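So you can see what is in the structure, the chains are spelled out below.
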Amino acid sequence: MSGFLTYCLQRFTPVLLLLAGVNAVNGQSQRFVHVAAGDYSLGRKGYINNPLRTVHTNGFDIAATELTNADFEKFVQATGYVTDAERRKNALVFIPGLREFRWLEDSTAFWRYPNGITRGGIADKMDHPVTTISYRDAIAYCDWAGVRLPTLDEWEIASRAGAPTTYFWGNEMTPLSSYANVWKGRDHLQADSTDGYMYTSPVASFKPNPWGMYDVYGNVFEYCEGRLPTDKAGSRVVHARGGSWWCSKNACSFFNSVDIGSVKRGASFSNLGFRVVKK
Amino acid sequence: MKYLMFVTAILGCLHLSAQEQGAEWRAPSNSSKAYGTYRNKLTVPPYGLARVTALIGKIPYAEDDSSPMSNKDYMSLSLREKFTYHMIHMEINAQNCDVRPPIQDEDKKIFGMMADGFSESVWSDRQVKFMISNRDSVMALIKESTDRSKRMGANYKMAIVEINGRELIPYIIEVYNRDKKDRDLLTLLMLLMKNNEYRPFMESQSFRKLYGADANYQSYIDYNKANEDLIIKRATDYYNTVRK
């Protein structure tokens, strides 16, 4: 019985605290969700990269949405920052027709042209998440804006919204389409826009999780800080979570609160972005 | 009304608890983990290895990016050295979700997709084009190196898929039958049948389970004698339809 009470307290108390916790920050367009101090159950039993465990946080404020092109443009305009993809011409982009897990090398792609110049810019997509940036670019933004990336644990606490399940609504994938911009096609040989978007969608186009966070699953993978138990010693790979518009149930179904991806820190993909946490 | 809300909240909690129980996971056994390591291992070709390794060492940003060797260095490599380079170094970054998490009972399954062994990197256009343009040489080198090292690494199997090396089907079966240890060789046979749209395979139950509408990158069939025999028979039948 005490376990049951603990569960209910863990599940509902943060929701009540949240009611007073959603707020805006001076100088930033994002809204932030306050996650209350407490102990949270994370991971899944027996899962090596994310074992079942209880984690304590002193509380933090995490952006309700992914960082937008408009936000990133302010940073670039203020600093003249040049991203990895612009310098190294090594961005990887997507067009329908590619085999699973294949991306196209495009030297013209960077955050203003996330899938290359011939596939259009972001002029009418300033409210979409910024993509085709590397982890290093995300850190540069954070340093400028006085914010930081969430840790792997913080991201999971916020995405779960108190739920112990694979998704914040349970273990079944079915409700996903109400909450996430993901790929619905069987493969990536044909374009898929059945949810209205083939690539990114404007942030907060889908329903939020119970704590008011949008696009925690789908839209773009979100860079986080932290290491996995399976990271090799000395490895410099970084991690991102939540799945993306590219992800389908057949290929990379990482649009959940359990799976954690790995990517090189200099990699720039049009399905990789981030959300921030207040320092 | 308050009573109804309370009951609803309790039922909601119980429902979630039931779902949680449905997501039970077990840690992979030691034999499963050992097999996972085995199937991810690459075969390192011996051809000009020291020189190729030295040139790879010159590639900038190697720790943070999967980057190509400079064109000048690349063009200076012989065909055999280029083969070695491609088999040990992938030139572009893999996307974030490409790395698969550890799998339970990996040693008791025949997967629809092979382990790739390269983690955060994939072959570039230049690398794939080389393999396809030189597919006869690539197949010969794979055979030579496999016979020498007594195993066919994850990179060789991936290369065979890239070049659609269906001519190697009898050889793949021969390598498999040497110790029947590497079930990804059976997966390789199935991928060759799938990629060439061999109808008897595509109409099979195995195909539906491994590559059908609900399949994903961890879909598998059980490893047992019947499945093993069936895959080998189908691949042999397929080979007999295409050999000249």
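Since this is a predicted model, take the numbers as computed values, not measurements.

As a further point, take the overall build of chain A. What chain A contains, in helices and strands, is 6 helices and 13 strands. A total of 279 residues make up chain A; the buried ones form 59% of that total. For chain A, contacts bridging at least 24 residues in sequence account for 69% of all contacts bridging at least 6. Surface exposure of chain A reaches about 10400 Å², of which carbon and sulfur atoms provide 55%.

This part covers the packing of aromatic side chains. Counted under the stated rule, the structure contains 39 aromatic pairs over all chains. Ring centres of F168 of chain A and W169 of chain A lie 5.0 Å apart, and the angle between their planes is 85°; on these two criteria the pair is classed as edge-to-face. Overall, the relative accessible area of 3% leaves F168 of chain A in the buried class. Its end group placed over the ring of Y47 of chain A, R44 of chain A keeps NZ or CZ at 5.5 Å from the ring centre. When the ring centre of Y223 of chain B is taken as origin, the NZ or CZ atom of R183 of chain B, which lies over that ring, is 4.1 Å away.

Next up on the list: empty space enclosed by the protein. Residues and elements named next belong to chain A. Applying the stated criterion to the full structure yields 3 cavities of 30 Å³ or more. Its boundaries defined by the atoms lining it, the largest cavity holds a volume of some 130 Å³. Contributing to the lining of the largest cavity are 15 residues, with P114, N115, K125, Y199 and T200 lying nearest its centre. By residue class, the composition of the lining of the largest cavity is 5 nonpolar, 8 polar and 2 charged.

What follows covers the pattern of salt bridges. In total, this model carries 34 salt bridges over all chains according to the counting rule given. Across the pair R87 of chain A and D84 of chain A runs a salt bridge whose closest N-O atoms are separated by 2.2 Å. Here the residue R87 of chain A and the residue D84 of chain A both occupy positions in helix α3 (residues 84-88), the gap between them amounting to 3 residues, near one helical turn. Under the relative-accessibility criterion, R87 of chain A is labelled partly exposed at 46%. With a closest N to O distance of 2.1 Å, E162 of chain B and R102 of chain A form a salt bridge. One end of the pair, E162 of chain B, is in helix α8 (residues 154-162); the other, R102 of chain A, is in the loop between β6 (92-93) and β7 (104-105), on a second chain. Owing to a relative accessible area of 24%, R102 of chain A belongs among the partly exposed residues under this scheme. Three or more residues are tied together by salt bridges with common partners; here these are D84, R87, R88, R136, R236 and R265 of chain A together with D64 and D65 of chain B.

The next point concerns the UniProt feature "domain: Sulfatase-modifying factor enzyme-like" (unreviewed entry) in chain A. Those residues carrying the UniProt feature "domain: Sulfatase-modifying factor enzyme-like" (unreviewed entry) are residues 31-278 of chain A in this numbering. Counting secondary structure, residues 31-278 of chain A comes out at 16% helix and 16% strand; the distance between its end C-alpha atoms is 11 Å.

With that settled, consider the packing of helix α9 (residues 169-179) of chain B against helix α13 (residues 225-242) of chain B. All names here are of chain B. The interhelical angle for the contact between α9 and α13, taken along N-to-C directions, is 155°, at an axis separation of 9 Å. Relative to α13, the element α9 lies roughly antiparallel. Relative to α13, α9 is oriented so that their crossing is left-handed. Every residue of α13 that contacts α9 at I169, P170, I173, Y176 and N177 is listed here: E228, I232, A235, T236, Y238 and Y239. Here the contact of α9 with α13 is built from residues that sort into 8 nonpolar, 2 polar and 1 charged.

Our focus in this paragraph is α8 of chain B. For the α-helix, the turn length of 3.6 residues means that residues three or four positions removed from each other point alike. Residues and elements named next belong to chain B. Where burial is concerned, most of α8 is hidden: 9 out of the 9 residues are buried. Taken as a whole, α8 has its buried residues at A154, N155, Y156, K157, M158, A159, I160, V161 and E162. Next to the buried residues of α8 lie α2 (30-40), α5 (79-88), α6 (125-133), α7 (135-149), α9 and α10 (184-195). N164 sits one or two residues past α8 and shows a positive phi near 50°.

Looking now at the side chain of K82 of chain B. All names here are of chain B. Among the secondary structure elements, K82 is positioned in helix α5. The side chain of K82 sits in the buried core without any salt bridge; E81 is the nearest counter-charge, 7.9 Å away. Polar side-chain contacts of K82 include one of 3.2 Å to the backbone oxygen of L77. The contact partners of K82, leaving out residues within four places of it in the chain, are Y74, M75, L77 and F130.

Residue and element names in this part refer to chain A. Along the chain, the position of P150 falls in the loop between β8 (147-148) and α5 (152-160). Through-space distance from the C-alpha of P150 to that of I62 is 7.4 Å; in sequence the pair is 88 residues apart. Excluding its chain neighbours within four sequence positions, the residues that come into contact with P150 are I62, W155, Y223, C224, E225, R275 and V277.

What follows covers the environment of C142 of chain A. Residues and elements named next belong to chain A. Turning to its location among the elements, C142 is positioned in helix α4 (residues 135-145). Relative accessible area serves as the criterion here: at 2%, C142 is assigned to the buried category. C-alpha separation for the pair C142 and F75, spaced 67 residues apart in sequence, amounts to 9.5 Å. Not counting the four nearest positions on each side in its chain, C142 is found in contact with V147, R148, L149, F274 and V276.

Our next topic: the side chain of Q127 of chain B. Residue and element names in this part refer to chain B. Topologically, Q127 is positioned in helix α6. Residue Q127 is classed as buried on the basis of its relative accessible area of 0%. Among the polar contacts listed, one links the side chain of Q127 to the backbone nitrogen of E91, at a separation of 3.0 Å. Only 3.0 Å separates the side chain of Q127 from the backbone nitrogen of S124, close enough to count as a polar contact. Contact partners of Q127, with chain neighbours within four places excluded, come to Y85, H86, H89, M90, E91 and V122.

Conventions used here
Residues numbered from 1 in each chain as written. Chains lettered and ligands numbered in written order. Predicted model: local features only at pLDDT ≥ 70, side-chain atom pairs only at ≥ 80, totals over all residues. Heavy atoms only, no water. Helix = DSSP H or I, 4+ residues; strand = E, 2+ residues; numbered from the N terminus. Buried < 20%, exposed > 50% of the residue type's maximum accessible area, 1.4 Å probe, protein only. Contact = heavy atoms within 4.5 Å. Areas by Shrake-Rupley, 256 points an atom, 1.4 Å probe, with all protein chains shown as cover. Phe/Tyr/Trp six-rings, centres within 6.5 Å; stacked < 30°, edge-to-face > 60°. Lys NZ or Arg CZ within 6 Å of the ring centre and 35° of its normal. 1 Å grid on protein atoms, 1.4 Å probe; cavity = no way out; pocket = protein on both sides within 12 Å on 5 of 7 lines; lining within 4 Å. Points joined across faces, edges and corners; volume = space filled by probe spheres on them. Nonpolar A, V, L, I, M, F, W, Y, C, P; charged D, E, K, R; others polar. Salt bridge = Lys/Arg side-chain N within 4 Å of Asp/Glu carboxyl O. UniProt positions renumbered as here; feature names shortened; annotations may be inferred. Axes fitted to C-alpha atoms, helices over the stretch in contact; angles between N-to-C directions. Parallel < 35°, antiparallel > 145°, perpendicular 65-115°, else oblique. Left-handed = near helix turned anticlockwise from the far one by under 90°. Lys, Arg positive; Asp, Glu negative; His and termini not counted. Polar contact = N/O pair within 3.5 Å; in protein donor to acceptor, adjacent residues only side chain to side chain.

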